[in-house]
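Structural overview
If you want the building blocks of each chain, they are given just below.
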Amino acid sequence: MDVLLVEVPHSSASEKRVAMPPLGLAYIAAMLEQRGHRVEILDLNLGKAKLEQRIAEAELVGVSSYTQNYPYALAVLEAAKEQGKLVAIGGIHATFRYEEVLRHGFNFAVRGEGELAFAELVSRLEKGKDVRSVKGIAYLSEGKAKSNGVWRVRDLDALPLPARHLLNLKAYALPGAIATSRGCAYSCVYCSSRAMSGKLRMRTPESVAREVEHLRSLGLSSFFIIDPNFAYDRKRALRICSLVSRLGMRWYAELRLDHVDEKLIEAMASAGCEVVRFGIESGSQEVVDAIKKEIALERLLDVVRKFVREGITPVCGFMIGHPWDTRESVEATIRLAEEVRSLGGEATFAVQTPYPDTYLFRHASELGLKLRSCNWWEYHHLNPVIETSHFSQNDLRTLLFDALARLYKVEVPNVAPPGEAPAMLRVLPGVERRSFRSIALEKEAVG
Ligand code: B12
């Protein structure tokens, strides 16, 4: 079958170049090719040219979407429906909101990890067979949404490597996105990873090193580990460091504060790691406990010092607007972020955003959260869509800008129209939104 896979645009306000290739679609494509299907990947972040023509050449269209850019997926649906094509949607938003996407007209929602579910769906469609029993898909039957559950891949090492030959890697600022594990062992109340990918499954260090070697053979000089927590298994992380240290590549990874120690930091540094990101989320231990982050803040500054000493830039992510946040806890958060920066680390700020199926979203009213917008487009961490029992939407916006202004020592004109925060940020002179990716990009630029 001829399948077109479409990645819809990401709204990364301040990035001049598209950050990363759609790894999820590259995995889906590899499995389809293994089953003998012809596949194309169209990443609309690289331009919208030829969408209609590519749809015309395909028998089935598959769309990938997060919550925030779901409105774009509807535009692709419309374009495909105009040509009478079957359209499936997969990814995090379709997994949680399958009834919504089916009501909007998608023929199939593929829930969870799509490699096997979608390949099975395509093979049966090709043979004209009944697809209603395919695990991991949802569809409408007599107007009712029917779901066959969520499919997750048990043995990640058994998956074919992502089909990067279908991607124009040169077009991406950080082309070397790689996943060494899926899922998470923790249940932070605001995070979708656990809800989306379930329990943690890890690849063997040898299979990870083989993929990094493959990236190098493609001419890449760096890779970006997208796992929520690269070092959950310390022994595995040390083994990966020793295997990739021979390849002379730069790399970036996300970690948890409770899974790092001196030996691991040294091993990561000598293996070429240059930037790491920690989700710290608050400067108040009480709030950190309430959001079920399970880390001890008292360790942070020492860990930051150790990373900086080893030449790795630690980026700490903070959020304001947690249900338990007060002016005092927000103040503590800004103070801690300033301390991190004073030690040579970096800090990023976002506003708490309850994404579908997270604990926060499911328990919003008990937690005193009022959802002030159901326009998914506004769900992008820089624009408050909630009111808490302590702060109004506008309070949260002001707190966010004040935090950014204090951190970056600039004046903040409070002119933010509702929903337009990314555009607003462009008026903050000199405050390019510092993010894990933009800091990694700086390293790339230095080379
Ligand atoms: C890499 C990444 C990014 C990259 C995306 C690059 C890209 N082109 O894919 C960038 C940096 C651009 C990004 C940006 C943002 N991100 Co982000 N991102 C991630 C991250 C870390 C990894 C995603 C990934 O590659 N996973 C690995 C691949 C293999 O899995 P996958 O993409 O999910 O694909 C699988 C399935 O979903 C499914 N599937 C996916 N697409 C399709 C399509 C079809 C047809 C089928 C059948 C199946 C299918 O099958 C795939 C293979 O198993 C996740 C956290 C995580 N660990 O998952 C957060 C995550 C997805 N991001 C998140 C958010 C909130 C954002 C931002 C809104 C944050 C912000 N304000 O800046 C932005 C904006 C994005 C936007 N929508 O505009 C949330 C999403 C929550 C939600 N409900 O939408 C997550 C879950 C983080 C979190 N913990 O909450 N992000």
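Not measured: the values here are computed from a predicted model. (Residues numbered from 1 in each chain as written. Predicted model: local features only at pLDDT ≥ 70, side-chain atom pairs only at ≥ 80, totals over all residues. Heavy atoms only, no water.)

Bringing the packing of aromatic side chains into the picture now. Enumeration according to the criterion identifies 11 aromatic pairs in this entry. Here Phe278 and Phe307 contribute two aromatic rings whose centre-to-centre distance is 5.6 Å and whose plane-to-plane angle is 65 degrees, an arrangement assigned as edge-to-face. Here Phe278 is found in strand β13 (residues 273–281), whereas its partner Phe307 is found in helix α12 (residues 300–309), with 29 residues between them in sequence. Phe278 sits in the buried class, given a relative accessible area of 0%. Both rings, one in Trp376 and one in Tyr379, keep their centres 5.0 Å apart while their planes meet at 65 degrees; by these two values the pair is edge-to-face. Through a chain of ring-to-ring contacts, three or more aromatic side chains come together here, namely Tyr355, Phe361, Trp376 and Tyr379. Cation over ring: Lys135 sits above Trp151, and NZ or CZ is 4.7 Å from the ring centre. Sitting above the plane of the Tyr27 ring, Arg182 keeps its charged end 4.8 Å from the centroid. (Phe/Tyr/Trp six-rings, centres within 6.5 Å; stacked < 30°, edge-to-face > 60°. Helix = DSSP H or I, 4+ residues; strand = E, 2+ residues; numbered from the N terminus. Buried < 20%, exposed > 50% of the residue type's maximum accessible area, 1.4 Å probe, protein only. Lys NZ or Arg CZ within 6 Å of the ring centre and 35° of its normal.)

A word on the sheet that holds strand β8 (residues 177–178). Spatially, the 6 strands line up as an open sheet ordered β8-β11-β12-β13-β14-β15, and their pairing is parallel. Edge positions in the sheet fall to β8 and β15 (346–351), since each has one partner strand and no second. As paired elements, strand β12 (residues 250–255) and β13 share 5 bridges and run parallel to each other. Following the sheet pairing, Glu254 is matched in β13 by Arg277. (Pairing = 2+ DSSP bridges.)

A word on the nonpolar core. Ranked by size, the top nonpolar core spans 136 residues in total, and within it Phe118 and Trp251 carry the most contacts. Per-element tally for this core: the top contributor is helix α1 (residues 23–34), with 9 residues. For this core, the domains that each give at least three residues are domain 1 (2–147) and domain 2 (173–446). When neighbours within four sequence positions are excluded, Trp251 is seen to be in contact with Phe223, Ile225, Phe230, Cys241, Val244, Met268, Ala271, Gly272, Cys273, Glu274 and Val275. Grouped together as the second largest cluster of nonpolar side chains are 10 residues, Ala173, Leu174, Phe436 and Ala440 included. (Core = buried A, V, L, I, M, F, W, Y, C linked by side-chain atoms within 4.5 Å. Domains from an automatic or database assignment. Contact = heavy atoms within 4.5 Å.)

Here we take up unusual backbone geometry. Positive phi values are uncommon outside glycine, yet Glu294 reaches one of about 55 degrees. Its location among the elements puts Glu294 in the loop between α11 (285–290) and α12. We note that His381 has phi near 65 degrees; this positive angle belongs to a residue other than glycine. Mapped onto the fold, His381 is located in the loop between β16 (370–371) and β17 (386–387).

Turning next to the sheet that holds strand β3 (residues 60–64). Read from one edge of the open sheet, 7 strands run β2-β1-β3-β4-β5-β6-β7, paired in mixed fashion. Edge positions in the open sheet fall to β2 (38–43) and β7 (144–147), since each of these has one partner strand only. Between one strand axis and the next, the sheet turns by 25 degrees as a mean value, whatever way the strands run. With 5 bridges connecting them, strand β1 (residues 2–7) and β3 associate as parallel partners. Looking at the pairing, Leu4 lines up with Val61 of β3. Across the face of the sheet, α1 comes into contact with β1, β2 and β3 while running at roughly 170 degrees to β1. Running over the sheet, helix α6 (residues 114–126) touches β1, β3, β4 (86–90), β5 (108–110) and β6 (137–141) and is turned about 150 degrees from β5. (Axes fitted to C-alpha atoms, helices over the stretch in contact; angles between N-to-C directions.)

Another aspect to go through is helix α15 (residues 393–408). Given 3.6 residues per turn, any residue in an α-helix points the same way as the ones three and four places further on. Over its 16 residues, α15 extends 23 Å from the first C-alpha to the last, a length consistent with the 22 Å expected when each residue adds 1.5 Å. Buried within α15 we find Leu396, Arg397, Leu399, Leu400, Phe401, Ala403, Leu404, Ala405, Leu407 and Tyr408. Following α15 by one or two positions, Lys409 has its phi on the positive side, about 55 degrees. (Expected span 1.5 Å × (residues − 1).)

Attention now moves to the packing of helix α9 (residues 234–244) against helix α10 (residues 262–270). Axes are the key here: two packed helices are described by the angle between their axes and the distance separating the axes. Put simply, α9 and α10 touch, their axes get as near as 9 Å, and they point 25 degrees apart. Here α9 is positioned roughly parallel relative to α10, judged by the angle of their axes. Seen along the crossing, α9 lies across α10 with a hand that is left-handed. Facing Arg234, Ala237, Leu238 and Cys241 of α9, the residues of α10 in contact are Lys263, Leu264, Ala267 and Met268. For the contact of α9 with α10, the per-class residue count stands at 6 nonpolar, no polar and 2 charged. (Parallel < 35°, antiparallel > 145°, perpendicular 65-115°, else oblique. Left-handed = near helix turned anticlockwise from the far one by under 90°. Nonpolar A, V, L, I, M, F, W, Y, C, P; charged D, E, K, R; others polar.)

So, on to the confidence of the model for the protein chain. Any segment with low pLDDT has predicted coordinates that should not be analysed in fine detail. Averaged over every residue, the pLDDT of the protein chain is 91; the share at 70 or more is 92%. When the criterion is pLDDT under 50, residues 414–433 qualifies, and its contacts beyond four places in sequence or with other chains add up to 37 contacts. (pLDDT = per-residue confidence, 0-100.)

A few words now on the packing of α1 against α6. Contact geometry for α1 and α6: axes closest at 9 Å, N-to-C directions at 45 degrees. When the axes of α1 and α6 are compared, the pair comes out oblique. When the axes of α1 and α6 are compared, the crossing they make is right-handed. Counting all contacts with α1, which are made through Tyr27, Ile28, Met31 and Leu32, the residues of α6 involved are Gly114, Glu115, Leu116, Phe118, Ala119 and Val122. Residue composition of the contact of α1 with α6, by class: 8 nonpolar, 1 polar and 1 charged.

Bringing the pattern of salt bridges into the picture now. Tallied over the entire structure, the rule returns 25 salt bridges. For Glu206, the salt bridge goes to Arg239, with nearest N and O atoms at 3.0 Å. Residue Glu206 is located in helix α8 (residues 205–217), and its partner Arg239 is located in helix α9; the two are separated by 33 residues in the primary sequence. Under the relative-accessibility criterion, Arg239 is labelled partly exposed at 38%. Note that Glu254 and Arg277 form a salt bridge whose closest N and O atoms lie 3.5 Å from each other. Linking Glu254 in strand β12 with Arg277 in strand β13, this pair joins segments that are 23 residues apart in sequence. Each of the salt bridges in this network shares a partner with another, and the network as a whole consists of Glu113, Glu115, Arg182 and Arg201. (Salt bridge = Lys/Arg side-chain N within 4 Å of Asp/Glu carboxyl O.)

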